[in-house]
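Coordinate analysis (summary)
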Amino acid sequence: MFDSELDQKGATNLRRRLFLSSVAAAIGGLALWQWKMPALLRAAREPVASSEPKEVTIVLFSDSGERLKRGRVSRIVKTAAEWRKQLPEGVFDITRNADTEIAFSGKYWNVHDQGIYRCICCDNALFDSATKFDSGTGWPSFWAPIAAENVTDTRDTSYGMIRTAVSCTQCDAHLGHVFDDGPQPTGLRYCMNSASLRFIKKT
Ligand SMILES: [Zn+2]
């Protein structure tokens, strides 16, 4: 190979490197711009989220179910597109669009192992198996959340019924509904979708 050919190749490689580094700089600049994007612009992109509080109070639990501490955490706010990317379609429909899984179809209605149930979207601890009972409904049922702070009740008038919907306090995932026909000591029945939960078996 002649020297001139080598020079030619070297020049091409150099141009390619320069081009790639300018692309990288442009991408970096874009990321920086998004990071520094004014809150006003972000609020315009997510109008629903802007009026909600930025922080919420929840109780943190270890995977073995130990209560760690109660404290303020950032609310998790994502766009529908971001949730869609993170969650399988059925889980997205249930957690983000308040759909309900078919009775006896979920993976936890018949689970009796010891452990805790976390939010499928954000890992917030939601229920302890100690409060799980067999309701015969085909949905995992609990007589209390793991901590009152970790779930949020809202009035739900959809489908011509008045019900109390239950969502994750940290990320607003729809979990299911709560009814007042549960067993003692609370008399409540938290009727949940398996799809909204992630079970962590006690080891
Ligand atoms: Zn959550």
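Shown above is the structure to which this text applies.
This section reports on the structure supplied with the text. (Residues numbered from 1 in each chain as written. Predicted model: local features only at pLDDT ≥ 70, side-chain atom pairs only at ≥ 80, totals over all residues. Heavy atoms only, no water.)

**Focus: the coordination of the zinc ion**
Protein coordination at the zinc ion comes from Cys119 (SG), Cys122 (SG), Cys168 (SG) and Cys171 (SG), with a distance range of 2.3 to 2.4 Å. Around the zinc ion sit four donor atoms; with metal-centred angles ranging over 100 to 115°, the donor geometry is tetrahedral. Each donor residue of the zinc ion belongs to the same chain, with the gaps between them written as C-x2-C-x45-C-x2-C. Separated by 46 residues along the polypeptide, Cys122 in the loop between strand E3 (115-119) and strand E4 (125-128) and Cys168 in strand E8 (residues 163-168) bring together distant segments of the chain. (Donors = N, O, S within 2.8 Å, 3.2 Å for Na, K, Ca; no water. Tetrahedral: all angles 85-135°; square planar, octahedral: opposite > 155°, others 65-115°. Helix = DSSP H or I, 4+ residues; strand = E, 2+ residues; numbered from the N terminus.)

**A short note on the pairing of E4**
Of the strand pairs in this sheet, E3 and E4 are connected by three bridges, and their pairing is antiparallel. Pairing of Ile116 across the sheet is with Asp128, part of E4. (Pairing = 2+ DSSP bridges.)

**With respect to the state of the cysteines**
Counted by the stated rule, this structure contains zero disulfides. With no disulfide of its own, Cys121 lies closest to Cys171 among cysteine sulfurs, the gap being 4.5 Å. Relative accessible area serves as the criterion here: at 8%, Cys121 is assigned to the buried category. (Disulfide = S-S within 2.5 Å. Buried < 20%, exposed > 50% of the residue type's maximum accessible area, 1.4 Å probe, protein only.)

**Considering the environment of Ile94**
On the secondary structure map, Ile94 appears in helix H5 (residues 89-97). Judged by its relative accessible area of 6%, Ile94 is buried. As a C-alpha pair, Ile94 and Gly176 span 82 residues in sequence and 8.7 Å in three-dimensional space.

**Section: H5**
All buried positions along H5 are accounted for by Val91, Phe92, Ile94 and Thr95. Against helix H4 (80-86) and strand E9 (174-179) lie the buried residues of H5. Just beyond H5, the residue with positive phi is Ala98, at close to 55°. (Contact = heavy atoms within 4.5 Å.)

**A short note on the sheet that holds E3**
If you trace the three strands from one edge of the open sheet to the other, you get E4-E3-E11, paired in antiparallel fashion. In the strand order of this sheet, the two ends are held by E4 and strand E11 (197-201), each with one partner. Across this sheet, the average inter-strand angle for adjacent strands is 30°, counted without regard to direction. Pairing of E3 with E11, which is carried by five bridges, proceeds in the antiparallel orientation. Following the sheet pairing, Arg118 is matched in E11 by Arg198. (Axes fitted to C-alpha atoms, helices over the stretch in contact; angles between N-to-C directions.)

**Quick word on the pattern of salt bridges**
If you walk through the whole model with that rule in mind, you get eight salt bridges. Of the charged contacts in the structure, one is a salt bridge between Lys201 and Asp113, with a shortest N-O distance of 3.9 Å. Taken together, the residues span a long stretch of sequence, with Lys201 in strand E11 and Asp113 in the loop between H5 and E3 at a distance of 88 residues. With relative accessibility at 35%, the residue Asp113 sits in the partly exposed group. (Salt bridge = Lys/Arg side-chain N within 4 Å of Asp/Glu carboxyl O.)

**Quick look at the side chain of Arg75**
For Arg75, the location among the structural elements is in the loop between strand E2 (67-74) and H4. Polar side-chain contacts of Arg75 include one of 3.2 Å to the backbone oxygen of Pro53. (Polar contact = N/O pair within 3.5 Å; in protein donor to acceptor, adjacent residues only side chain to side chain.)

Keep in mind that these numbers describe shape and distance, not what the molecule does.
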